Amino acid sequence: MRFEIHKGLKKKGRMAAVCSILAAISISEISAPAAVYATEEGESVGTEEVTEVTEMTESETSESETAGSEVTEVTETETTGDDAEEPTVDDVQLLATATRTGSVTANNVNVRSGAGTSYATIGIQVNTGQTVTITGEQDVNGTAWYAVKFSKDKKEYTGWIISTYIKVDSVDTSDDDDTEVDEDYITSLKKLGFPDSYCSALEKLHATYDAWVFEPVLTGLDWKTAVEQESKAGVNLVQSIVNDSRKSTESYAYDWSTNKWYGFDGADWVCASSDFIAYCMDPRNFLNETYIFQFETLEYAKYQTKDGVSSILSNTFMSGKYKDTDKKKYKYADTFVKVGKSLSVSPYHLAARCKQEQGIYGTSQLISGTYPGYEGYYNYFNIGAYTTASADKVVNGLAKAKNEGWNSIYKAIAGGSAVVADNYIKKGQNTIYFEKFNVANTSKLYSHQYMTNVMAAISEGSSSGSAYTDKNQAFVFRIPVYENMPESAVTFTDTGNANNWLSSLSVSGQDLTPSFSGSKKDYTIVVGADVGSIKVSAKAVASTSTVSGTGNYTLEYGDNTIKVTCVSQSGSSRTYKITVSRKYPVSGEELVIADGVSITPPYTVATYMTGIAPDTKASEVVARIATKNCTVGVLKKEGTPNEGKVETGDLLTVYDKDGTVISQYEIVVYGDINGDGKISNVDQVMLQKHILGITTLEGSYLEAADVSKGGGVSNKDLVLLQKHILGIETISQ
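Residues numbered from 1 in each chain as written. Predicted model: local features only at pLDDT ≥ 70, side-chain atom pairs only at ≥ 80, totals over all residues. Heavy atoms only, no water.

This part covers the overall build of the protein. Check the secondary structure of the protein and you find 15 helices and 34 strands. The 733 residues of the protein split such that 52% are buried. Long-range pairs, those at least 24 residues apart, make up 68% of the contacts in the protein with a sequence separation of at least 6. Of the accessible surface of the protein, which amounts to about 32100 Å², a share of 46% is contributed by carbon and sulfur atoms. (Helix = DSSP H or I, 4+ residues; strand = E, 2+ residues; numbered from the N terminus. Buried < 20%, exposed > 50% of the residue type's maximum accessible area, 1.4 Å probe, protein only. Contact = heavy atoms within 4.5 Å. Areas by Shrake-Rupley, 256 points an atom, 1.4 Å probe, with all protein chains shown as cover.)

Reading predicted coordinates in detail is not appropriate for stretches of low pLDDT. On average, residues of the protein score 84 in pLDDT, and 85% of them are at 70 or above. Contacts from residues 1-98, a stretch scored under 50 in pLDDT, to residues over four places away or in other chains number 324 contacts. Considering only residues more than four positions removed or in separate chains, one finds that residues 170-176, a stretch of pLDDT under 50, has eight contacts. (pLDDT = per-residue confidence, 0-100.)

Time to look at unusual backbone geometry. Here Thr513 and Pro514 are connected by a cis peptide whose omega angle stands at -5°. Mapped onto the fold, Pro514 is located in the loop between strand E20 (502-507) and strand E21 (522-527). A positive phi is found at Asn315, a non-glycine position, where the angle reads about 65°. Mapping Asn315 onto the fold places it in the loop between helix H5 (306-313) and strand E17 (321-323).

Let us now look at the environment of Thr493. Along the chain, Thr493 turns up in the loop between strand E19 (476-483) and E20. For the pair formed by Thr493 and Tyr279, sequence separation is 214 residues and the distance between their alpha carbons is 9.8 Å.

One can describe the packing of helix H6 (residues 332-343) onto helix H7 (residues 347-358) by two numbers: an axis separation of 8 Å at closest approach and a directional angle of 125°. Classified by the angle their axes make, H6 and H7 are oblique. For the element pair H6 and H7, the recorded crossing hand is right-handed. Side by side, H6 and H7 meet where Phe336, Val337, Val339 and Gly340 of the first sit next to Pro347, Leu350, Ala351 and Cys354 of the second. Per-class residue counts for the contact of H6 with H7 are seven nonpolar, one polar and no charged. (Axes fitted to C-alpha atoms, helices over the stretch in contact; angles between N-to-C directions. Parallel < 35°, antiparallel > 145°, perpendicular 65-115°, else oblique. Left-handed = near helix turned anticlockwise from the far one by under 90°. Nonpolar A, V, L, I, M, F, W, Y, C, P; charged D, E, K, R; others polar.)

What the rule picks out here adds up to twelve salt bridges. Salt-bridge contacts for Arg353 lead to Glu460; the nearest nitrogen and oxygen are separated by 2.8 Å. Residue Arg353 is located in helix H7, and its partner Glu460 is located in helix H11 (residues 456-466); the two are separated by 107 residues in the primary sequence. Accessibility classification places Arg353 together with Glu460 in one group, the buried group. With a closest N to O distance of 2.8 Å, Lys400 and Glu404 form a salt bridge. Taken together, the residues span about one helical turn, with Lys400 and Glu404 both in helix H8 (residues 393-404) at a distance of four residues. Since its relative accessible area comes to 14%, Lys400 is described here as buried. Among the residues examined, Glu404 registers a relative accessible area of 37% and is labelled partly exposed. One connected set of salt bridges, linked through shared partners, spans Arg353, Glu435 and Glu460. (Salt bridge = Lys/Arg side-chain N within 4 Å of Asp/Glu carboxyl O.)

A word on helix H2 (residues 196-208). Every buried residue belonging to H2 is among Ser197, Tyr198, Cys199, Ser200, Ala201, Leu202, Glu203, Leu205 and His206, and all of these are buried. Where H2 is buried, its residues touch helix H1 (183-192), strand E12 (213-222) and E19.

Moving on, we come to the sheet that holds strand E33 (residues 651-655). Spatial strand order, E32-E33-E34: three strands in an open sheet with antiparallel pairing. With partners counted over all chains shown, the strands left at the sheet margins are strand E32 (631-635) and strand E34 (661-666), one partner each. Shown here is a sheet whose adjacent strand axes are inclined to one another by a mean of 25°, direction ignored. The pairing of E33 with E34 spans five bridges and is classified as antiparallel. Considered in E34, the bridge of Thr653 is made with Gln664. (Pairing = 2+ DSSP bridges.)

Right, let's get into the nonpolar core. Phe214, Phe336, Tyr380 and Phe381 are the most contacted members of the largest nonpolar core, which has 96 residues in total. If one sorts the elements of this core by residue count, helix H9 (residues 409-423) sits on top with eight residues. Judged by nonpolar contacts, the second largest core, of 22 residues, contains Tyr557, Val597, Cys630 and Leu652. (Core = buried A, V, L, I, M, F, W, Y, C linked by side-chain atoms within 4.5 Å.)

Here is the structure:
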């Protein structure tokens, strides 16, 4: 066993972390966005140069596969050949990698070479009772497919079966068993520079594949900074149809007011969220035998055979032969092996890369050889195929092919492979991971990245790994280590759409101030005293969100606070507040107390009831108030009936027909500061003490001291009070 340490930058320190291996991503075969190509002289294109930006609507899901199509006793409806639709990632799930066992529940169930009916069967069927070991899981258009291995007729088989016909029996809890841990090996990993949080998973792999070599690449890069750099606009993309939580909601990527994402590299690819990018970047999420091959070195090795290449290309348009411009036929697998050997680059990587770029059916005009103006030219690696303001990606890609002289399929594969080799692998980006996340080529950190699909390394690594029939070989894996990483692997959960904005908010018959905008949360409305109720309506921007707080509201006089809350599919909430100020009736106007109940006082009713002159008897106040389905009385502040003069602090009390109190209004007689019903020198002294800070007036007594109606108490009120006492001027009530 040999170990090496690769240093991308100066190492700044060690991180102690908890050993952990969490979930892995299960990837469908997808057609990737165009490659980002860099020349020897410098980068000629990059994601920053994408000038055409389109909008994507809210993601839609496609129908789940019909389960019955996997039993040959039922007619199958799968499509084949050029007319078949390429499978896409509908709702790629984050799936645990725990091994499970199960049994088949139907007869004549197909076993396929990949997840989905687009893949060919492996030439064998299984029947009820067949036991299988489930080694992986993948979601295809809402239906789970299991990667299985099983024995039949004394032979071992591996393949994929739709979950509909498998009953899961148990989960292998080997992680919790008493399997002996090789502490010496873990110590050797730590000495190389692997943090604790890497070691447990690597030790488990070593226990199964003791020939494997793990090399830490000590990048010296701060983890948070690396994620931030990779999260810049257009650097990492996801398909528009994936779960919305995987998409960025930054202003450069998303319009909150419309729930639309901006397209990069065409309309089908949008910016990935930083949380999902962090998940895909964290190597600790992929230290298992399925996904670790994204860290495999990409140099040519003798164990990379034509059969392995054929396995990668099986069930694709490259599974057989192609007829080149010299009219001769060649096998794609032979071509990749020949080119790989000549460049000292893994033919597995080249084949997987082409498969990633061109998809299963190879329907791209970039490889048709018939595109008008570029007949006979091919671009199998999508080199330079990006959209600009002046041309689409097909034209730009084929212009690159013509400029490079790729006028045959072989030349296109060889030429594209040379670009990958010379501009990436031979410059330190010699793993699929480093081609996707450039944290190794220190002269162009976070740029010079071959693909923008954030899941490309995961997908291609899985595809490359599946090509090896014998994995117990001396593979070398170069695994990045960052500074200041979280103690355990970054986790991610598909939570759905995060939009919690409203697209509309209105009050019947009223105008909001300011005018409604989803970005603004606070509004005001002023309504007249005669408006006793309102209706609030609202609608969410996203159809997946829920809205509460709408409907009819009864208004009190004064300020009423109404809150409308929008909760997103992901569970985040946003509350909009409307403050409705209902004016108080002026003197002589009807004051509605409840349905069918009102009073009409010759006084002003607002925060306090005012307009009552000093020395007015309580009985006189009661007599002057017209009532409807109620009675009124004046109570002292202690709650006893007032049978004398009205005083500041008294309560005008409204009773229903049963004598129950239904409303009260505190009375203020301006100038009667001490609440004895008179205006005298006692009130003057109390006002002086308040102004000097000796005592403090509150409530109705403070209001009674504001004899000038200026909204506060000052020397101006003291002078007016003195003039009233001297008979020079009268305080207005």
